[in-house]
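Letter by letter, the chains look like this.
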Amino acid sequence: MSPNRLRSVSDTDQLQEEAELEETESERPLDPEVAARREAALAHVRKFGDPVLKTRARPIERFDDALRDEVQRMGLLMDDALGIGLAATQVGVLHRLLVYRVQPDAPLAALANPVIEWSSKEEEIAEEGCLSLPMVHVDVERPVHVRVSAQDEFGEPILIEASGLEARVIQHEFDHLEGVLILDRTSRDQRKQAMRALREWQEQQHSA
Ligand code: ZN
């Protein structure tokens, strides 16, 4: 998930912080080195139109060094891409693994085989971006609180209670493991606009 234009119609502190982050980013161009690193990272992320993004990922059965390497690689890629979440699907690996980091200083969180055990009736609309959908930002309504069971990269069971931005990122990445994109979760109008932006982006790629 890409944070740069995340904003909320509600007033939670976390999302307000993100809204400020967005403004700083859009007003001030990225440092050229950071921008180049972001471009290089994004080249490894599967984009709209790739059938892998519509495919359901398989459960993880082996918790070995290869899996732990993959978690590290995904974390680095996510950081370089300036994202706050990434699903294995987005790098073309169809198994149920996602990573995220909502607070810049927090350790990388990795969830294997996540299951959303419970989600709140209370929902909230916020604008989301996606590293797989260049130039797209759409409003998505999601439960504010979730409880998620999963395994860590060693296969140990973990239980996470998340709210606000963390809950939103987990649900966004979980959707990727199901082959679901934010385009599938927004209004008809916003979906139409997003499709137009994506077609423009695809044309630019072909003519470049
Ligand atoms: Zn995404």
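That block above? That's the structure.
Heads up: these notes are all about the structure in this document. (Residues numbered from 1 in each chain as written. Predicted model: local features only at pLDDT ≥ 70, side-chain atom pairs only at ≥ 80, totals over all residues. Heavy atoms only, no water.)

1. Things to note about the coordination of the zinc ion
Thought 1: Taken together, C130 (SG), H172 (NE2) and H176 (NE2) make up the protein donors of the zinc ion, found 2.0 to 2.2 Å from the metal.
Thought 2: In the primary structure, the donors to the zinc ion are separated according to the pattern C-x41-H-x3-H. Here H172 pairs with H176, and both are found in helix α4 (residues 164–177), just 4 residues apart, close to one helical turn.
Thought 3: Its relative accessible area of 3% is what places H172 among the buried residues.
Thought 4: We classify H176 as buried; its relative accessible area is 1%. (Donors = N, O, S within 2.8 Å, 3.2 Å for Na, K, Ca; no water. Helix = DSSP H or I, 4+ residues; strand = E, 2+ residues; numbered from the N terminus. Buried < 20%, exposed > 50% of the residue type's maximum accessible area, 1.4 Å probe, protein only.)

2. Quick look at helix α5 (residues 188–207)
Thought 1: Relative to the 28 Å expected for 20 residues at 1.5 Å per residue, α5 spans 29 Å between its end C-alpha atoms, a close match to the ideal helical length.
Thought 2: Those residues of α5 that sit buried are A194, M195, A197, L198 and W201.
Thought 3: Structurally, α5 contributes buried residues whose contacts are with β5 (133–143). (Expected span 1.5 Å × (residues − 1). Contact = heavy atoms within 4.5 Å.)

3. Concerning the nonpolar core
Thought 1: If you look at the biggest cluster of nonpolar residues, it comprises 33 residues, and the most contacted ones within it are Y100, L111, L133, V136, V169, I170 and L183.
Thought 2: Of all the secondary structure elements, the ones that give two or more residues to this core are β2 (97–100), β3 (109–119), β5, β6 (145–151), β7 (157–163), α4 and α5.
Thought 3: The leading source of residues in this core is α4, at 5 residues. (Core = buried A, V, L, I, M, F, W, Y, C linked by side-chain atoms within 4.5 Å.)

4. What about the environment of A88?
Thought 1: Mapped onto the elements of the fold, A88 is located in the loop between β1 (85–87) and β2.
Thought 2: Residue class for A88 comes out buried when judged on its relative accessible area of 0%.
Thought 3: Along the chain, A88 and E173 lie 85 residues apart, while their C-alpha atoms are 9.0 Å from each other.
Thought 4: Among all residues touching A88, those that are not within four sequence positions of it are E70, M74, V93, H95 and L97.

5. A look at the pairing of β2
Thought 1: Residues L97 and V99 point to one face of β2 and L98 and Y100 to the other, with burial holding for every one of them.
Thought 2: Taken together, the 3 bridges between β1 and β2 define a ladder with antiparallel strand orientation. By the bridge assignment for β2, G85 is matched with Y100. (Pairing = 2+ DSSP bridges.)

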